[in-house]
Structures are given as structure tokens and as C-alpha cells.
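Architecture and fold: a report
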Amino acid sequence: GVQVVKKLDKLGMRSSDTAQIFLGVNLKCNSCHDSFVSKWKLKDAYSLAAYFSTEEELQLYRCDSLTQQVAKAEFLFPEISPKLPSNSAADRRAAAAATFTDVRNGRMPRTVVNRIWQRLMGRGIVENVDEMDGEPFNPELLDWLASDFVASGYDLKHLIGEILTSRT
């Protein structure tokens, strides 16, 4: 009923906000249906939301209608989706945090770098900071800044210093 949909809306916001801020992936529409403009599916949004849920699996609702599908915690990029030691809420959240900062996950540092660059310079290296699948105007610069950001221990002050003292 209405309570379930409100709970899923909150989880959907958590997963779509997390994906957009840290991965540059827009999942807002995917909390209701498969995307019409990207590769992301309803199940992708629910699978990411499952990391933040108190439930071990989530029933999928397509536009407020219950489907016969369920989603378990799974990262958007299966090649770096972690094995969970258990399916407890604490382990799922810890796994999500570890996955976002996993060195194999180049999206998070590239997205953060792009967001900071955009705030400081007025335009992202990838123009739309919410859609990191776009073409960067300088891929080498984005990759170098992201690598340096990771090497600094994700130090935002260091990143800002690198950008502001560069010869851009």
C-alpha cells in the first residue's frame, strides 16, 4: 500500500542521490521504471537501494504497481560488486561504502573531481556532472586528477589545491 511506496520512495531517493553524486549516474526515473534514455533498469535502482534497506531483498514496484520481482544488494557495475559476509543491514552498508571507494571503481573519484572542477571553473571536464558517461573535454586531465585524488587519500583540500594552482 501507501506505506510501502513511501518507504521505497525514500530508499529510491537514497540510491538515486548516491548514484548521481558519487557515480555520475542518473537513476531518478529508474526508481519507477526502466530508463528510456540510458541502459539502467528498474532492477538496477532497487539493487543499489537494497544496500541501504533494512530488508534483505526488496519487492520491485513499477510505477506503484507490485511486480513479481525482487532485488538484492548488487552494485551497478557487477565486476566490482562485493561479496557480502552476511546480508545484515550493517554489512550491506559497509560493503556499499567499500565499493564506492574501491580502487577498481574509477567512477567515484572521476565524478567527485568533475564536480569540484565544475564548481571552481564553471564547467565540468565532463560537461554534465550528473551524467559521467558523457565525453570529457580532456580525458587525460580527468584521469590524472582522479588518480591524484585517490593517491591523496580522497583529500578534497588537496584536490582543490591541485586545481587552483594549475595552469588551466
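Owing to the predicted nature of the structure, the values given are computational and were not obtained by experimental measurement. (Residues numbered from 1 in each chain as written. Predicted model: local features only at pLDDT ≥ 70, side-chain atom pairs only at ≥ 80, totals over all residues. Heavy atoms only, no water.)

Turning next to the environment of E74. Mapping E74 onto the fold places it in the loop between strand 2 (65–72) and helix 3 (89–100). Residue E74 is classed as partly exposed on the basis of its relative accessible area of 39%. The sequence separation of E74 and L48 amounts to 26 residues, and the corresponding C-alpha distance is 5.9 Å. (Helix = DSSP H or I, 4+ residues; strand = E, 2+ residues; numbered from the N terminus. Buried < 20%, exposed > 50% of the residue type's maximum accessible area, 1.4 Å probe, protein only.)

This brings us to the packing of aromatic side chains. Taken as a whole and assessed by the stated rule, the structure comprises five aromatic pairs. Aromatic side chains F75 and F100 sit 5.4 Å apart centroid to centroid with 90° between the ring planes, which places their arrangement in the edge-to-face category. Linking F75 in the loop between strand 2 and helix 3 with F100 in helix 3, this pair joins segments that are 25 residues apart in sequence. Aromatic side chains F149 and Y154 sit 5.4 Å apart centroid to centroid with 85° between the ring planes, which places their arrangement in the edge-to-face category. (Phe/Tyr/Trp six-rings, centres within 6.5 Å; stacked < 30°, edge-to-face > 60°.)

Tracing the chain through its elements places D102 in the loop between helix 3 and helix 4 (107–121). At a separation of 2.7 Å, a polar atom in the side chain of D102 contacts the main-chain amide nitrogen of R104. (Polar contact = N/O pair within 3.5 Å; in protein donor to acceptor, adjacent residues only side chain to side chain.)

Helix length check: helix 5 (residues 139–151) (13 residues) gives 18 Å between terminal C-alpha atoms against 18 Å at 1.5 Å per residue, within 8%. Residues of helix 5 that are buried: L142, L145, A146, D148 and F149. One side of helix 5 holds all its buried residues, which, seen down the axis, span an arc of 165°. Exposed and facing more than 90 degrees away from the buried side of helix 5 are E140 and A151. Looking at the packing, one finds that the buried side of helix 5 touches helix 4 and helix 6 (156–164). Of the residues trailing helix 5, G153 is marked for its positive phi of about 80°. (Expected span 1.5 Å × (residues − 1). Arc of directions from axis to C-beta. Contact = heavy atoms within 4.5 Å.)

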